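Geometric and topological summary
For reference, the chains in residue letters:
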Amino acid sequence: MIRAGVVGASGLAGGELIRLITQHPDLELTFLGGSSNIGRRPAELHPNLRLDLGLTVQPVTEEVADKVDVLFLATPAPVSAQLAELLADKVPAIVDLSGAFRIRTPELHDRWYPKVKRRTDLADRFVYGVPELIKDQLADAELISLPGCYATSLTLGLAPLTLGLGLHLKTVVVDGKSGSSGGGLHLRTADLHPFRSGAIAPYAPTGHRHAGEVADFLARAKPAGATAGRIDSLTMSAYGVSHVRGLLTSSYVFTDDTVDQRELQRAYTRFYKEHRFVRVRRNTETLIPVPDPQAVLGSNYCDVTVMHDEEGGRIVVLAALDNLIKGAAGQAVQATNLRFHLPEETGLTMHPVMPV
């Protein structure tokens, strides 16, 4: 068995990690870490988990290295930066769910994470990206940084255009909508029920840091045996909506390269043919238009649809996922499976739950 620890065990992503790990045939939960809920059991922190694991939340010290083979950091970015410095080269594998090490370029990191101080040499050692695009890099990786939830959706939506077709995307304009769980468990007035219920709140209308990490990653990613395309400009507006979990990104892509609907559909189907967690869908194939976040909730799937808007001279890419599973805990387990040479889908074969 692979011994697993979760730091940030009281948070939403931490709770999902506990749930997934305890159902995983090859992972054993051996450590829970935190700072504000020391001594509390998982069942006290997460009402859905009536588990007696013989574990309580403990402070994180160097001794955790003797208890785990993989340590998940479901912590705020400044905390992840400190813990990675403390435990790198001591724990065999660290999987960070925060933004501490997502952006490789120092200047871009400082722009979007000005309060997160990290060692540059440590940041250079982290493997970053969605498992579908960096599978080979995850084998035996010691330090893994997972994309944000929006970034996962965006990268999976745009990669077939740049890394598959090699297109030059002049402008990409993104509209992102996410449920309240995307902000974690923080007491903010805007997230109180009287204000959040029924709302479409433009909390980042002129830019979002997840767009920065997508542009940074795709600029560095090079497909084997092919010429990668490029993105000149990628901008994003983000909105909070009233549901709890799930997100949808709508990417409006402008390019001078000539494409049509058939070519796009074939390219996406071919690009994700061997990747079971990305479902390439036609917008009108079901009783409700897809992608729709409610059609992926509780699962590790990302649903992607590509459409050619001939009249508007643009490509429209829609991508939906559960921000707490494929956008966080599920993707962390997926990366861990690859890191320890397990089948990618181990412990993640649950189907979406609908209606929600």
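All of the points below concern the structure found in this document. (Residues numbered from 1 in each chain as written. Predicted model: local features only at pLDDT ≥ 70, side-chain atom pairs only at ≥ 80, totals over all residues. Heavy atoms only, no water.)

A separate point is the pattern of salt bridges. A full pass over the atoms with the stated rule returns 20 salt bridges. The partner of Lys170 in a salt bridge is Asp256, with the nearest N and O atoms 3.3 Å apart. Note that Lys170 is positioned in strand E8 (residues 168-178) and Asp256 in the loop between strand E12 (247-255) and helix H10 (261-271), a separation of 86 residues in sequence. The partly exposed category is assigned to Lys170, whose relative accessible area is 36%. In this structure, Lys177 and Asp175 form a salt bridge, with 2.6 Å as the shortest nitrogen-oxygen distance. Overlapping salt bridges bring together Glu16, Arg19, Arg245 and Asp322 as one network. (Salt bridge = Lys/Arg side-chain N within 4 Å of Asp/Glu carboxyl O. Helix = DSSP H or I, 4+ residues; strand = E, 2+ residues; numbered from the N terminus. Buried < 20%, exposed > 50% of the residue type's maximum accessible area, 1.4 Å probe, protein only.)

Glancing now at the sheet that holds strand E1 (residues 2-7). The seven strands lie next to each other as E3-E2-E1-E4-E5-E7-E6, forming an open sheet whose pairing is parallel. Only two strands of the sheet have a single partner each, and these edge strands are strand E3 (57-58) and strand E6 (127-128). Note that E6 and strand E7 (residues 143-145) share two bridges and pair parallel. In the sheet register, Tyr128 faces E7, and the bridge partner there is Ser145. Across the face of the sheet, helix H11 (residues 325-339) comes into contact with strand E2 (27-33), strand E4 (70-73), strand E5 (93-96) and E7 while running at roughly 160 degrees to E4. (Pairing = 2+ DSSP bridges. Contact = heavy atoms within 4.5 Å. Axes fitted to C-alpha atoms, helices over the stretch in contact; angles between N-to-C directions.)

As a further point, take the nonpolar core. Ranked by size, the top nonpolar core spans 78 residues in total, and within it Leu17, Phe72, Leu161 and Ile315 carry the most contacts. The element contributing the most residues to this core is helix H7 (residues 149-164), with nine residues. In contact with Ile315, other than residues within four places in its own chain, are Leu161, Leu167, Ser251, Tyr252, Val253, Thr255, Val259, Leu264, Val306, Met307 and His308. Core analysis: the second largest hydrophobic core is formed by 25 residues, Leu87, Ile94, Ile103 and Ala123 among them. (Core = buried A, V, L, I, M, F, W, Y, C linked by side-chain atoms within 4.5 Å.)

Evaluated as defined, the whole model comprises four aromatic pairs. Considering the side-chain rings of Phe101 and Phe126, the 4.1 Å spacing of their centres and the 10 degrees angle between planes classify their relative orientation as stacked. In this pair, Phe101 is assigned in the loop between E5 and helix H4 (106-112) and Phe126 in the loop between helix H5 (120-123) and E6, connecting sequence segments 25 residues apart. We note that Phe101, like Phe126, is buried. Residue placement shows Lys177 over the ring face of Tyr239; its charged tip is 5.3 Å from the ring centre. (Phe/Tyr/Trp six-rings, centres within 6.5 Å; stacked < 30°, edge-to-face > 60°. Lys NZ or Arg CZ within 6 Å of the ring centre and 35° of its normal.)

Okay, unusual backbone geometry next. Note that the residue after Val290, namely Pro291, is joined by a cis bond; omega there is 5 degrees. For Pro291, the location among the structural elements is in the loop between strand E13 (278-280) and strand E14 (302-309). Of note, the bond from Met354 into Pro355 is cis; its omega dihedral lies within 30 degrees of zero at 0 degrees. One non-glycine residue, Asp89, lies in the positive phi region at around 75 degrees. Locating Asp89 in the fold gives a position in the loop between helix H3 (77-87) and E5. A positive phi is found at Asp140, a non-glycine position, where the angle reads about 65 degrees. Looking at the secondary structure, you find Asp140 in the loop between helix H6 (131-138) and E7.

Tracing the chain through its elements places Ala84 in helix H3. Here Ala84 is in contact with Leu73, Phe101, Leu122 and Phe126, once residues within four sequence places are set aside.

This part is about the environment of Ser178. By secondary structure assignment, the location of Ser178 is in strand E8. With 139 residues separating them in the primary sequence, Ser178 and Gly39 have C-alpha atoms 33 Å apart. The residues touching Ser178, leaving out its near neighbours within four places in the chain, are Tyr150, Arg196, Tyr239, Gly240, Val241, His243, Gly246 and Leu247.

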